[in-house]
Amino acid sequence: MKTLLTGRRRAAAAALAAVLAAALLGTAADPSPDPAQADNPIVQTVYTADPAPLVHNGRLYLYTGHDEDGSTWFTMKDWRVWSTDDMVNWTDHGSPLSIDTFAWARQDAWAGQAVERNGKFYWYVPVVNDATGRMAIGVAVADSPTGPFRDAIGRPLVENGEIDPSVFIDTDGQAYLYWGNPNLWYVKLNADMTSFSGSPVKVQLTAQGFGSRPNNAQRPTLYEEGPWFYKRNSLYYMVFAAQCCSEFIAYSTSPGPTGPWTYRGTIMPTQGSSFTNHAGVIDYKGGSYFFYHNGALPGGGGFTRSVAVEKFSYNADGTFPTINMTSTGAPQIGTLNPYARQEAETIAWANGIETERASSGGMNIGWIENGDWVKVKGAAFGTGARTFTARVASATGGGTLEVRLDSPTGTRVAACTVAGTGGWQTWTNVSCPVSGATGTHDLYLRFTGGSGYLFNVDSWQFAA
């Protein structure tokens, strides 16, 4: 995807279709993000969906699906990983898992969830089994939260044509896998996390447990899809997408991991121009966070979705407040240290750039054109920076990397000239003096030059 925010490579027909779809489905408009100030949706370089957060070693990792550009169906071929330590600046770790990881799978890289056990990371995902043509649940494993992931067992873990796995390891060590649309199922996973005991159990969906859906004898309860299963204190939660279409997010609770369930009501009402929604809930650094998706970015809609997040507080009795979509997003935790080496793909907001695998490992930002920029939020310069250094590459004549404060047209405190390096992955460092960067500011890296693509950026760092 090139330039969600400016609309390059975006068909007007696709945008019109999204607007018409929203109108027909009766959904409210998405919050309109101000590109210079917004923090939601949290990723702007690709369309993302079905967020699944995981905390590991003090960092929050987010596993998402990836809607292909211009989709008119749930066209999804891979999954993506992002991470943060401050809830606003997100590092892009690329795609460590795809349909191709599973030799037995045909298509549909839909909603999954990852969990860590004994130093390994297990990612449960639904895909179409090529041999049967049905949806099945696969499991991939990695030694790092960012992968690469490999097929753990070379076949489906479980298959009954249903989707959306959610995994949770209880305090007694027993792991559970819930999934399902139109039904809700679970199995007890064995300690190896790649097999299970007994047979899949079908949850009895009752109005008391999952709410009552009006005028639908085939689906009498509100449960639709996308379960998110977890435990907080002594209470078990089942958060789910309710009553398609358009969906809202509802939840039930239980005193035990397999019920009995009691319906508790709505968390996020129907809103936004995506007719689906999918929640992920987690506690991190003393706060509680609710992840979801909408269609708020340009070209967005029911098949081109974007992940967003809100901070919330549980009520005293453990129930949820009502949570609404915003373009503001979660507040920043602390500040970012500009004097430490920062990956260029650590971004609060991107305008016009894409990311790609870097030859030296990790990711870099690229496809940079004149006027593109990225925002990094809350950089703490203290008493002042003296120099700025960036690792860059260019197969053309390069351009200028401007450093500005608080907006894309804010005070310019540095400007580094980037010359051609002979290749898009031929890296060199450029440095330039800094003047006026003191205190804490949102940092904007703005790229200027001639026509066409200018240069790539791999990392950057200030010196005090």
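The preceding data block contains the structure.
What counts as what
- Residues numbered from 1 in each chain as written.
- Predicted model: local features only at pLDDT ≥ 70, side-chain atom pairs only at ≥ 80, totals over all residues.
- Heavy atoms only, no water.
- Salt bridge = Lys/Arg side-chain N within 4 Å of Asp/Glu carboxyl O.
- Buried < 20%, exposed > 50% of the residue type's maximum accessible area, 1.4 Å probe, protein only.
- Helix = DSSP H or I, 4+ residues; strand = E, 2+ residues; numbered from the N terminus.
- Disulfide = S-S within 2.5 Å.
- Contact = heavy atoms within 4.5 Å.
- Pairing = 2+ DSSP bridges.
- Axes fitted to C-alpha atoms, helices over the stretch in contact; angles between N-to-C directions.
- Phe/Tyr/Trp six-rings, centres within 6.5 Å; stacked < 30°, edge-to-face > 60°.

Asker: Help me out: how do you make sense of the pattern of salt bridges in this one?
Answerer: Two side chains carrying opposite charge are able to pair once their charged atoms lie near each other. Scanning the model with the defined rule gives 16 salt bridges in all. In this structure, Asp 78 engages Arg 80 in a salt bridge whose closest nitrogen and oxygen atoms are separated by 3.3 Å. On the accessibility criterion, Asp 78 (12% relative accessible area) is buried. Looking at Arg 80, the relative accessible area reads 13%, which means it is buried. A salt bridge links Glu 159 to Arg 134, with the nearest nitrogen and oxygen atoms 3.3 Å apart. Here the residue Glu 159 occupies a position in the loop between β9 (150-151) and β10 (166-169), and Arg 134 occupies one in the loop between β7 (120-128) and β8 (135-142), the gap between them amounting to 25 residues. Residues joined by salt bridges that share partners form a network here, namely Glu 402, Arg 404, Arg 412 and Arg 446.

Asker: When you look at the state of the cysteines in this model, what are you seeing that I'm missing?
Answerer: In protein chemistry, a disulfide is the covalent bond that joins the sulfur atoms of two cysteines. Applying the stated criterion across every chain, the model contains 2 disulfides. Across the disulfide, Cys 244 is cross-linked to Cys 245 (sulfur-sulfur distance 1.5 Å). The disulfide partner of Cys 416 is Cys 432, and the S-S distance across this bridge is 2.0 Å. Taking the torsion about the sulfur-sulfur bond, which here is approximately -80 degrees, the covalent link between Cys 416 and Cys 432 counts as left-handed. With a gap of 16 residues between them, Cys 416 in strand β29 (residues 412-418) and Cys 432 in strand β30 (residues 423-433) connect regions that are remote in the sequence. An identical accessibility class is assigned to Cys 416 and Cys 432; each is buried. Sequence-ordered numbering of the disulfide-bonded cysteines in the chain gives the connectivity 1-2, 3-4.

Asker: What is the right way to look at the environment of Gly 378 in this model?
Answerer: Its place among the elements puts Gly 378 in strand β26 (residues 373-380). Placed 212 residues apart in sequence, Gly 378 and Ser 166 show a C-alpha to C-alpha distance of 34 Å. Residues contacting Gly 378, with those up to four places away along its chain left out, are Gln 332, Thr 335, Leu 336, Thr 440, His 441 and Asp 442.

Asker: Explain the sheet that holds strand β13 (residues 196-202) to me, please; I cannot follow it from the model alone.
Answerer: The strand order across the open sheet formed by 4 strands is β10-β11-β12-β13, and the pairing between neighbours is antiparallel. Each edge of the open sheet is held by one strand with a lone partner, namely β10 and β13. Direction aside, neighbouring strands of the sheet carry axes that sit 15 degrees apart on average.

Asker: Sorry if this is basic, but what is going on with the packing of aromatic side chains here?
Answerer: Within a pair of aromatic rings, the relevant descriptors are the distance that separates the centres and the angle that separates the planes. Counting across every chain of the model gives 39 aromatic pairs. Centre to centre, the rings of Trp 123 and Phe 149 are 5.0 Å apart; their planes meet at 70 degrees, and the pair counts as edge-to-face. Of this pair, Trp 123 sits in strand β7 while Phe 149 sits in the loop between β8 and β9, placing them 26 residues apart in sequence. Take Trp 123: its relative accessible area is 1%, and that puts it in the buried class. Relative accessible area serves as the criterion here: at 6%, Phe 149 is assigned to the buried category. Their ring planes at 55 degrees and their centres at 5.1 Å tell us that Tyr 314 and Phe 320 sit as a pair that is tilted. Phe 320 matches Tyr 314 in its accessibility class, with the two residues each being buried.

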